[in-house]
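These are the residues of each chain, in order.
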Amino acid sequence: MKEEILVLLPIFAPTLAALEERYTVHKLWLAPDRAAKLREIGPRVRGAVTTGLLGCDTATMDALPKLEIIASFGAPRDTLDLAAARARNIVCTRTPDAITESVADLALGLMIDVMRRIAAGDHFIRAGRWEKGLARPGNEVRGKRCGIVGFGRIGQGVAKRALAFDMPVCYFGPNKKDSPLPYYSDLVAMAGAVDVLVVCCPLTPQTRDLVNASVIEALGRGNGAGFLVNVARGPVVNEAALISALQEKRLAGAGLDVFWDEPRVPAALMEMDNVVMVPHIGSSTMEVRVERGRKLLANLTAHFAGQAVPYPIP
């Protein structure tokens, strides 16, 4: 008899298909009444599958009295109450992977797109406007000054790529790193000294609204200069300040992989052709997804076989 597991939200389709081959899978997102669904299946479910972004709250744990394992597709960050899970003797797992290069690639892609107006040019052709006139020119990437907010692995990956485009690079963070690149302890000062600001830092209470109105004004320099790229988390950048600066042409453009209330995106951003948006795909490559799926299945297989899981959350 197959073990019963609860999948909290849609995940990579091949991984979901593999789960359905091995287990009796309940898909919570398809239930018209989630509370009723949890009451129905709760006494039988031994495993829960989630993602790093969603995690699993204590209410869901409480609704699953026989829950033994929470297997995350990705690595939870403050989205899983580990203390509560461990108090219930629930095993918590992750799928560690190397997303540095993937996210850094996307950051450069967004930068080039918004500065060179690649997506805008695509829309220009599809709308049949080329026969009526020329598209608006973009901006050179080469030689522009790049400021990086958060100089961890991803920030350093962005720096490596920006340097390859002959961009002078500097960085901001809580501490100076062992790097020859210029360091700023004042984010407003750095924003005023660069042409592109790339946000790479984690979301913490200290970084929420870190890129605020003052930072955005310094980046725009009062004349509509400056581009902002965010591959961190939406709330690191002040939503109202960013939208206002873009609407009033006090900022040249933005490339956004993340938003404040995903998957809901402000209509104001959708109306602007100086904003390039993608649906939080920094780590969304086939290679990363396949690897995460393999590790998630390995965690569940080991647990239900009575073995130690290979990728526990430390």
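Residues numbered from 1 in each chain as written. Predicted model: local features only at pLDDT ≥ 70, side-chain atom pairs only at ≥ 80, totals over all residues. Heavy atoms only, no water.

### Focus: the pairing of strand S6 (residues 146-149)
1) Next: Of the two faces of S6, the one lined by Cys 146 and Ile 148 and the one lined by Gly 147 and Val 149 are each fully buried.
2) Next: The pairing of S6 with strand S7 (residues 169-172) spans four bridges and is parallel. Counted as the bridge partner of Gly 147 is Cys 170 from S7.
3) Next: Between S6 and its parallel partner S7, the chain crosses via helix H7 (residues 153-164), and the hand of that crossover is right-handed.
4) Next: Sheet topology note: the S6/strand S9 (residues 196-199) ladder contains four bridges and is parallel. Bridge pairing in S9 links Ile 148 to Val 198. (Buried < 20%, exposed > 50% of the residue type's maximum accessible area, 1.4 Å probe, protein only. Helix = DSSP H or I, 4+ residues; strand = E, 2+ residues; numbered from the N terminus. Pairing = 2+ DSSP bridges. Right-handed = clockwise from strand over helix to strand, strands pointing away.)

### Topic: the sheet that holds strand S8 (residues 183-184)
1) Next: Read across the open sheet, the seven strands follow the order S8-S7-S6-S9-S10-S11-S12; overall the sheet is parallel. On the outer flanks of this sheet lie S8 and strand S12 (275-277), each paired with one strand and no other.

### Looking at the sheet that holds strand S2 (residues 24-27)
1) Next: Within the open sheet, the five strands sit side by side as S2-S1-S3-S4-S5. Their pairing is parallel. Sheet topology places S2 and strand S5 (91-93) at the edges, where each strand pairs with a single neighbour. Sheet twist, expressed as the mean angle between neighbouring strand axes with direction ignored, is 20°.
2) Next: Two elements, strand S4 (residues 69-73) and S5, share three bridges in a ladder whose sense is parallel. Pairing of Ile 69 across the sheet is with Val 91, part of S5.
3) Next: Its contacts with the sheet put helix H1 (residues 13-22) on strand S1 (4-7), S2, strand S3 (47-51) and S4, and the angle it makes with S2 is roughly 130°.
4) Next: Contacts from helix H12 (residues 286-304) reach S1, S3, S4 and S5 within the one sheet, and its direction differs from that of S4 by about 170°. (Axes fitted to C-alpha atoms, helices over the stretch in contact; angles between N-to-C directions. Contact = heavy atoms within 4.5 Å.)

No statement about biological role is implied by the geometric values presented.
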